[in-house]
Structures are given as structure tokens and as C-alpha cells.
Amino acid sequence: MAWISGYIIPKGWKALTWFRSIHMDSEIYPNPKEFNPSRWDNYTPKPVTFLPFGAGSRLCPGNDLAKLEIAIFLHHFLLGYEVERLNPQCPLMHLPHPRPKDNCLARIKKCSRSVA
Ligand code: HEM
């Protein structure tokens with residue numbers, strides 16, 4: 001048994017951090033649901049306010065690889081393809097991860113004058 005913030009956690013239970021409640025906290029991220037990539041410009045997060053890869057001894061060991069892969073993929077995808085979502089008004093689902101309910105169904109066309 002352990003006490004955490006006034007709650008009793010029985011022996012053998014698992015306690016998970018609900019990362020979304022941190023990343024969607026409007027006191028940390030004003031208007032958190034707005035798509036606003038500029039919110040990251042020159043932004044240095046305060047400790048434990050930005051945890052996409054977890055933290056501490058269970059920090060995701062693949063985090064640098066994942067960021068590199070995402071950067072390479074986005075470079076080629078955004079420069080080389082046109083994307084048209086088939087259901088742009090499709091609502092979001094939140095479990096296990098936030099995403100459109102249709103899994104972002106889209107028509108993808110390779111650009112003819114692609115430089116990627
Ligand atoms: C965008 C991509 C990724 C995200 C958002 C992500 C996120 C996470 C998160 C939140 C955890 C749990 C941390 C915790 O339990 O507190 C985790 C664990 C883990 N991730 Fe990732 N991850 C990503 C990619 C990867 C990749 C590419 C690899 C391996 C090549 C990887 C391997 C692992 C492993 C092995 C663990 C378990 C670590 C442990 O329990 O000690 N992840 N990841």
C-alpha cells in the first residue's frame with residue numbers, strides 16, 4: 001500500500017500518469033485544442049509539463065529515433081505529396097491516442113514537380 005496525494009494505492013495496483021490532462025491543461029497551454037504550431041516557437045517547457053515520451057526511469061528509449069523518423073518522414077511527405085482528407089469534419093477519438101475516428105482517411109497524390 002502507498003499514499004499518493006491523499007489517495008491509497010493498494011499493493012499490486014498500477015498507477016499511470018494521465019499525460020493528456022497535463023498536455024490539455026489550459027493553464028500550461030492556453031487554448032490547448034487549437035492547432036497552433038507556433039506555440040512551440042522558442043518554447044522551453046517547464047519540468048513535467050511536456051511528456052510525450054514519458055519521464056524518469058521509464059522514459060521512452062526510442063524517443064530520439066522516433067523524432068528523427070518523424071522529421072525525415074514529414075520532410076518527404078510535405079514536400080512531395082498533396083493530401084486531401086476525405087472526411088474533414090470527422091470527430092476526434094481520444095483513446096488510446098487522439099486521432100480522427102476515420103483514422104484520417106485521405107487521398108494522397110504525388111506532386112509531379114516534387115523535390116523530395
Ligand atoms: C512518436 C513515437 C513514440 C512515442 C510518442 C512514444 C511514447 C512512449 C511512452 C509515453 C512510453 C511510456 C513511458 C512510461 O511508461 O512512463 C514509451 C515507452 C517505451 N517506448 Fe516509446 N514512443 C515512441 C516511439 C518509440 C520507438 C521508435 C521505440 C523503439 C524503437 C520505442 C520504444 C519504447 C520502449 C521499449 C518503451 C518501454 C520503456 C520502459 O518501460 O522502460 N518507442 N514510449
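Residues numbered from 1 in each chain as written. Predicted model: local features only at pLDDT ≥ 70, side-chain atom pairs only at ≥ 80, totals over all residues. Heavy atoms only, no water.

The protein chain is annotated in an unreviewed UniProt entry as Beta-amyrin 11-oxidase from Rubus argutus. The UniProt entry for the protein chain carries the following text under Subcellular location (unreviewed entry): "Membrane". (UniProt positions renumbered as here; feature names shortened; annotations may be inferred.)

Draft legend 1. Structural view of the pattern of salt bridges. As enumerated under the stated definition, the model contains three salt bridges in all. In this structure, Asp 64 engages Lys 67 in a salt bridge whose closest nitrogen and oxygen atoms are separated by 3.9 Å. Taken together, the residues Asp 64 and Lys 67, both in helix H2 (residues 63–80) and three residues apart, mark about one turn of the helix. The exposed category is assigned to Asp 64, whose relative accessible area is 57%. With a shortest N-O distance of 4.0 Å, Glu 82 and Lys 109 are connected by a salt bridge. Of this pair, Glu 82 sits in strand E3 (residues 81–85) while Lys 109 sits in strand E6 (residues 106–110), and the two are 27 residues apart along the sequence. Overall, the relative accessible area of 46% leaves Glu 82 in the partly exposed class. (Salt bridge = Lys/Arg side-chain N within 4 Å of Asp/Glu carboxyl O. Helix = DSSP H or I, 4+ residues; strand = E, 2+ residues; numbered from the N terminus. Buried < 20%, exposed > 50% of the residue type's maximum accessible area, 1.4 Å probe, protein only.)

Draft legend 2. Quick look at the coordination of the iron atom of the ligand. The protein gives the iron atom of the ligand a lone donor atom, Cys 60 (SG), placed 2.2 Å from the metal. Within the secondary structure layout, Cys 60 lies in the loop between helix H1 (19–23) and H2. (Donors = N, O, S within 2.8 Å, 3.2 Å for Na, K, Ca; no water.)

Draft legend 3. View of the domain arrangement of the protein chain. The assigned domain composition of the protein chain is domain 1 (1–60) and domain 2 (65–116). The centre of domain 1, based on its C-alpha atoms, is set 25 Å off from the matching centre of domain 2. (Domains from an automatic or database assignment.)

Draft legend 4. Representation of the site of the ligand within the structure. Residues in close proximity to the ligand include Pro 52, Phe 53, Gly 54, Arg 58, Cys 60, Pro 61, Gly 62, Leu 65, Ala 66 and Ile 70, which together make up its full environment. Within the side chain of Arg 58, an N or O atom sits 3.0 Å from an oxygen atom of the ligand. (Near = heavy atom within 4 Å. Polar contact = N/O pair within 3.5 Å; in protein donor to acceptor, adjacent residues only side chain to side chain.)

Draft legend 5. A look at the packing of aromatic side chains. Across all of its chains, the model carries six aromatic pairs by this definition. Geometrically, the ring pair formed by Trp 40 and Phe 50 is tilted, given 5.2 Å between the ring centres and 50° between the ring planes. With Trp 40 in the loop between H1 and H2 and Phe 50 in the loop between H1 and H2, this residue pair connects regions lying 10 residues apart in the sequence. Judged by relative accessible area, which is 41%, Trp 40 ranks as partly exposed. Judged by relative accessible area, Phe 50 falls into the partly exposed class, the value being 39%. Each member of the aromatic cluster is reached from another via a ring pair, and the members are Tyr 29, Trp 40, Tyr 43 and Phe 50. (Phe/Tyr/Trp six-rings, centres within 6.5 Å; stacked < 30°, edge-to-face > 60°.)

Draft legend 6. Spatial organisation of the layout of surface pockets. Its volume calculated, the largest pocket comes out at about 1,400 Å³. Lining the largest pocket are 33 residues; nearest its centre among them are His 23, Met 24, Trp 40, Pro 52 and Pro 98. Of all the secondary-structure elements, those providing two or more residues to the lining of the largest pocket are H1, H2 and strand E5 (99–100). Sorting elements by how many residues they give to the lining of the largest pocket places H1 first, with three residues. A breakdown of the residues in the lining of the largest pocket according to their chemical character gives 21 nonpolar, six polar and six charged. Three or more residues apiece are contributed to the lining of the largest pocket by two domains, here domain 1 (1–60) and domain 2 (65–116). (1 Å grid on protein atoms, 1.4 Å probe; cavity = no way out; pocket = protein on both sides within 12 Å on 5 of 7 lines; lining within 4 Å. Points joined across faces, edges and corners; volume = space filled by probe spheres on them. Nonpolar A, V, L, I, M, F, W, Y, C, P; charged D, E, K, R; others polar.)

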